[in-house]
Structure formats: structure tokens, C-alpha cells
Amino acid sequence: MVEPDSEVAETPLYLRVAAALREDLTQRRISPGSRLPSERTLSQRYHVNRQTVRSALQLLRDEGLVVTDRRGTFAAVDETGPEPAVPVLAARRPTFPGGPRAAEALVRASLTWEPPPAPLASRLLLTPGEPALVHRHTVLGPHGAALQRAVSWFSRPALAEIPQLSRYRRGGDCRRQPDLRLLYHWMHQAGLRITHRESVGVPPGPATAAGGAARLVVHRVVSDQHGHALEITDIDFSAQSAAWTYEFSA
């Protein structure tokens, strides 16, 4: 059973199921290549409905940890060996800010409507001063220190093309703790062929966070097949405490 605690009480159920299964997969309690229990069995084990299990499995598929065919869902065979103990820059399948291990950390997120900085307005296909949907995301360490901060601005085409985002239109459902971890999966579901362009650098001013950890910044622009920006994100993170996944498209 997935047991909530005080720090993750607000985490959606499917993320907690995914975290439990991810732990079994990474610790080899489910051997690579072996078949996972059925959706029905998993829903009984974790005391959740089958749709919650499906969402958790989809997240693990997006992370490349499991594969599904007509026979069922299987643990992916990893020929590269175990993941290094020290976080490194690596190429993996795209994940919205937070990274594949966000379900195991304390996360604070919010959605608001705000006018973007003037240089971003035209890139988001907005008129000057027009509000945009803004997602703020912070990953906290065990002692409450911010390991990663991200701010994402969504464009007019993003709200028009992605049904799961359109519900957050101004005056809509802007929850205090939104979950957009499947954003790039939603883009693919909407038939969008997306390109990630990212710049990684050192922030202006002090390049170290509290405690002396090095800091890096990432500027990400996600565009559709027509060259329209869907999302513009700036991420600032502690390079010694949080892993960063570098996404790209060929």
C-alpha cells in the first residue's frame, strides 16, 4: 500500500504509485526483462483505481523504465549498468521541470496568470501586458533547502492545442499544487512534434548557493512543428545537490 506522510501528502496518488514501482525497478526487486503484475493486481496492492495505475505506468514508460506490448508491461533491460551515485548530466527522455525523481522529493508548485517579461511576450504570441499562464516549481531537499527552482511561461498556442492545459485558462482550475509532469506526453497526444532548445550556463552574480554548492541555469524553449513556442522555462539549480536531465530532439 502507498502510505502518505506529512511531506508528500499533497503528491498525487499516481506519482506515489510510480515512486514505489520505480524503487522496485531501480533496486532490481523487479528484474530487468521480467513482467510486472497486472493493472488489477497493482490497483489492489496499492489500494487505488486502475486509472491511477495506468497513469503511473505511463510515467514509467516515459522515463524508459518499463515497456508495454500486447503481452503486458515489462521492466526495461538496461545495458548501461546502474545509475551513478553522483548526479551527472545525461541524455534521457523529456521530463517537465522536476526531473524523473521529483515524486521522491518535496515539491512546491503553483499556477498563476501574469504578464510575461516584455522580451517574452511576442515569443509567446501575446500582446504587451497580456497575462500568460505561469508555472512555478521548486524542489526542496531533506532539510528544506531549495535544490531547484523553475519558472515556465506558456504561450497562446499551448493553451489552444493542449486540452490538459486549456482547463487552466484564466478563471479556470489554477490549483495551488498543480501536476504537469506529463506535459510533454500531453503535447505528443495532441499531435505536436516538439523541439527542445536549451542553453546551460552560469548565473550572473554569485555562482554558488547556500552552503557553497555550485549553481547552473538552464533556459529552455519548447516549440511545435511550426516553430511556435509552446513553453519557455528558466531553471536555476544546485549542481552538486540535484541532477539535471538534458533534453533534446533530433
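These numbers were taken from a predicted model, which means no experiment stands behind them.

About the criteria used
Every chain begins its residue count from 1, and numbering advances along the sequence as written. Per-residue local features are limited, in this predicted model, to residues with pLDDT of at least 70; the limit for side-chain atom pairs, both in listing and counting, is 80 or more; totals at the level of whole chains, interfaces and linings are taken over all residues. Side-chain numbers here rest on the full set of heavy atoms in the structure, without hydrogens or water. Nine residue types can take part in a nonpolar core, namely buried Ala, Val, Leu, Ile, Met, Phe, Trp, Tyr and Cys, and a core is a set of them joined through side-chain atoms within 4.5 Å. Type-normalised accessible area, obtained with a 1.4 Å probe on protein chains alone, sets the label of each residue: buried when under 20%, exposed when over 50%, and partly exposed for intermediate values. The helix count covers DSSP runs of H or I at least four residues long, the strand count covers runs of E at least two residues long, and both are numbered beginning at the N terminus. Residues are treated as being in contact if the distance between any of their heavy atoms lies within 4.5 Å. Definition used for salt bridges: Asp or Glu carboxyl oxygen within 4 Å of a side-chain nitrogen of Lys or Arg. Strands are labelled as partners when DSSP assigns at least two bridges between them. Here the axes come from fitting lines to C-alpha atoms, over the contacting stretch only for helices, and the angles between their N-to-C directions go from 0 to 180 degrees. In the analysis that follows, any N or O atom pair within 3.5 Å is treated as a polar contact, provided that within protein one partner can donate a hydrogen and the other can accept it, and provided that, for residues neighboring in sequence, both atoms belong to side chains.

(A) Representation of the nonpolar core. One finds Phe154, Leu165, Leu180, Leu183 and Met187 to be the most contacted residues of the largest nonpolar core, which totals 37 residues. Those elements that provide at least two residues to this core are α1 (13–26), α2 (39–46), α3 (50–62), α5 (156–161) and α7 (183–189). Tallying contributions element by element places α1 first for this core, with six residues. Once you skip the residues sitting within four places of it in the chain, leucine 183 turns out to touch Phe96, Phe154, Leu165 and Glu231.

(B) Summary view of the pattern of salt bridges. Evaluation of the coordinates by the stated rule reveals eight salt bridges. Linking aspartate 24 and arginine 29 is a salt bridge whose minimum nitrogen-to-oxygen distance equals 2.8 Å. Since its relative accessible area comes to 16%, aspartate 24 is described here as buried. Residues arginine 71 and aspartate 69 are paired through a salt bridge, measuring 2.8 Å at the closest nitrogen-oxygen approach. Through salt bridges with shared partners, a single ionic network connects Glu23, Asp24 and Arg29.

(C) Seen up close, the sheet that holds strand β8 (residues 215–223). Judged by pairing direction, the sheet is antiparallel, and its six strands sit side by side in the order β4-β5-β6-β9-β8-β7 without closing on themselves. With one partner strand each, in any of the chains shown, β4 (106–114) and β7 (195–201) form the two edges of the open sheet. Strand-to-strand twist in this sheet, taken as the mean axis angle between neighbours without regard to direction, amounts to 15 degrees. In this structure, β8 lies alongside strand β9 (residues 229–238), joined through nine bridges in antiparallel fashion. Bridge pairing in β9 places arginine 220 opposite threonine 233.

(D) Structural view of the environment of arginine 149. Mapped onto the elements of the fold, arginine 149 is located in strand β6 (residues 146–154). Along the sequence, arginine 149 and isoleucine 235 sit 86 residues apart, while their C-alpha atoms lie 5.6 Å from each other. Setting aside anything within four residues of it in sequence, one finds arginine 149 in contact with His137, Thr138, Asp234, Ile235 and Asp236.

(E) Highlighting the environment of glutamate 231. With respect to the helices and strands, the residue glutamate 231 is situated in strand β9. With near-sequence residues (within four places) excluded, glutamate 231 lies in contact with Phe96, Ser152, Trp153, Phe154, Leu183, Tyr184, Met187, Arg220, Val221 and Val222. Within polar-contact distance, the side chain of glutamate 231 engages the side chain of tyrosine 184 at 2.9 Å. In this structure the side chain of glutamate 231 is engaged in a polar contact, spanning 2.4 Å, whose partner is the side chain of threonine 233.

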